[in-house]
Amino acid sequence: MMTNFVRPHLALLVASAITLAASSTRAEAPLGVTSPSDAEVTRRIAFLQTRLDSGTAAANRWWYGWYTGWSALTVGQGVIAVAVTDPGLRADAAVGAVGSSLGLIPLGLVPFPARHAAADLRAMPESTPEERKIKLARGERLLRESAASEVLRRKWFNHVLCGTVSTSVGLVLALGYGRPVTGALSATIGIALSEAQIFTMPTAAIDDWNEYRKEGGEHAGRARRPAPSFSWYVAPLAGGGAVVGGSF
C-alpha cells in the first residue's frame, strides 16, 4: 500500500518539476523574438557588406588626406626651422612643426573602424549556417563600432578641445617668444583646420546603422541585448589629441 501511495505522488512531483523547469526556461527567453532564417541572415550580411564597402573609400580619403596634410605641415615647418637663421621665423616654424606633429597622434595611433570594417567582414567564412550567424553578429558589431566612432569624433567637446589646443600653441608664440601676430595667426589657422577635419569626416556609418536598426535588422541586439560597451578614442585635434570615452 505504501508503494501504491508513493508512486503516483512521486510521478506528480517529477511532472511538476519538469513543468517548472520549462516555465523557467520560457521566462528567461526574450518574448516575441525568434531566430532569423538562414535566408534572412544571408540578406542581412549582404546589406552590411554593401554598406561597409560603400563607406570604405570615403573613410580612406579622409584619413589619408588629413594624415598626409599634417605630415606635410610638420616636415615643411621643420625644414624651415632648420634652414632659416632669423630667430623669430625659426621660433614660428619650430612651434608650428611641434603642433602639427601632435595632430598626427589620433590618426596614427587610433584605428578608424570604417577604413577596414568591410575587409574584415569579407574575410570571414560563410559556407555553413552557423558560420553565417557568426558573420552576421560580427558585421553588426563592425557597423555599430564604425558609427560609434563617427558619432564620438563629432561630439561638442572635440570643438572645445580643438580651440583650446590651437589657442595654447598661439599663446606659446605670443607670450613665450614675443610673436603676437604669428601667434594669433597660428591659433586661427589651427582652429580652422581642426574644424575642417571634424566636419569633413565621413558619417555614412551613422546613417547606415540607423537604417539597419530601423528595419529591424539588429538580430543580435534584439535577441540578446548586450550591455552598453564603453570605448576609448582619441579625438582629432589640431596640434594634439585627447583621450575620451563613450558608450554606444
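Presented here is an overview of the structure given in this document. This one's a predicted model, so the numbers in the text were calculated from it and none came from an experiment.

In this structure, Lys135 sits in helix H6 (residues 129-153). By relative accessible area, Lys135 is classed as buried at 2%. If sequence neighbours within four positions are ignored, Lys135 has contacts with Ile45, Leu121, Arg122, Met124, Pro125 and Glu126.

A cluster of nonpolar side chains, Val98, Leu102, Ile105 and Leu109, forms an exposed patch at the surface whose accessible area comes to about 360 Å². For the nonpolar patch, the secondary-structure elements that each account for two or more residues are helix H3 (87-102) and helix H4 (105-109). Structurally, Leu102 can be placed in helix H3.

Turning our attention to the environment of Ser101. Tracing the chain through its elements places Ser101 in helix H3. Separated by 27 residues in sequence, Ser101 and Thr74 have C-alpha atoms that sit 5.5 Å apart.

Time to look at the side chain of Thr56. Its place among the elements puts Thr56 in helix H2 (residues 38-83). Ignoring sequence-local partners within four residues, the contact set of Thr56 consists of Ala114, Arg115 and Ala118.

Turning to the pattern of salt bridges, a few remarks are in order. Taken as a whole and judged by the stated rule, the model has nine salt bridges. The salt bridge involving Asp92 is made with Arg179; its shortest N-O contact spans 2.6 Å. On the criterion of sequence distance, the pair formed by Asp92 in helix H3 and Arg179 in the loop between helix H7 (156-176) and helix H8 (180-199) is long-range, its members being 87 residues apart. Across the pair Lys135 and Glu126 runs a salt bridge whose closest N-O atoms are separated by 2.9 Å.

To continue, consider the environment of Gly183. Tracing the backbone through its elements, the reader meets Gly183 in helix H8. Along the backbone, Gly183 and Leu173 are ten residues apart, and their C-alpha atoms lie at a distance of 4.9 Å. Apart from the residues lying within four places of it in its own chain, the contact partners of Gly183 are Gly170, Leu173 and Ala174.

This part takes up empty space enclosed by the protein. Across all of its chains, the model carries two cavities of 30 Å³ or more by this definition. Of the pockets and cavities examined, the largest cavity occupies roughly 80 Å³. Arg51, Leu52, Gly55, Ala114 and Ala205 are the residues nearest the centre of the largest cavity, which is lined by 13 residues in total. Counting residues per element, the ones that place at least two in the lining of the largest cavity are H2, H6 and helix H9 (204-214). When residues of the lining of the largest cavity are assigned to their parent elements, the largest contribution, four residues, is made by H2. Here the residues of the lining of the largest cavity sort into seven nonpolar, three polar and three charged.

Note that an α-helix has 3.6 residues per turn; residues three or four places apart therefore point the same way. The end-to-end C-alpha distance of H8 is 29 Å, a good match for the 28 Å that 20 residues give at a rise of 1.5 Å each. The set of residues buried in H8 consists of Gly183, Ala187, Gly190, Ser194, Glu195, Gln197 and Ile198. Axial view of H8: buried residues confined to an arc of 155°, hence all on one face. Across from the buried face of H8, at angles greater than 90 degrees, the exposed residues are Val181, Leu185, Thr188 and Phe199.

In this section: the packing of aromatic side chains. Summed over the entire model, instances satisfying the criterion amount to seven aromatic pairs. Centre to centre, the rings of Phe47 and Tyr212 are 5.6 Å apart; their planes meet at 25°, and the pair counts as stacked. Here the residue Phe47 occupies a position in helix H2, and Tyr212 occupies one in helix H9, the gap between them amounting to 165 residues. Residue classification places Phe47 among the buried positions, given a relative accessible area of 14%. Ring centres of Trp62 and Phe112 lie 5.0 Å apart, and the angle between their planes is 45°; on these two criteria the pair is classed as tilted. Here Trp62 is found in helix H2, whereas its partner Phe112 is found in the loop between H4 and helix H5 (117-122), with 50 residues between them in sequence. A relative accessible area of 5% places Trp62 in the buried class.

Rules behind the numbers
- Residues numbered from 1 in each chain as written.
- Predicted model: local features only at pLDDT ≥ 70, side-chain atom pairs only at ≥ 80, totals over all residues.
- Heavy atoms only, no water.
- Helix = DSSP H or I, 4+ residues; strand = E, 2+ residues; numbered from the N terminus.
- Buried < 20%, exposed > 50% of the residue type's maximum accessible area, 1.4 Å probe, protein only.
- Contact = heavy atoms within 4.5 Å.
- Patch = residues over 30% accessible without salt bridge, like charges linked within 9 Å, V, L, I, M, F, W, Y side chains within 5 Å.
- Areas by Shrake-Rupley, 256 points an atom, 1.4 Å probe, with all protein chains shown as cover.
- Salt bridge = Lys/Arg side-chain N within 4 Å of Asp/Glu carboxyl O.
- 1 Å grid on protein atoms, 1.4 Å probe; cavity = no way out; pocket = protein on both sides within 12 Å on 5 of 7 lines; lining within 4 Å.
- Points joined across faces, edges and corners; volume = space filled by probe spheres on them.
- Nonpolar A, V, L, I, M, F, W, Y, C, P; charged D, E, K, R; others polar.
- Expected span 1.5 Å × (residues − 1).
- Arc of directions from axis to C-beta.
- Phe/Tyr/Trp six-rings, centres within 6.5 Å; stacked < 30°, edge-to-face > 60°.

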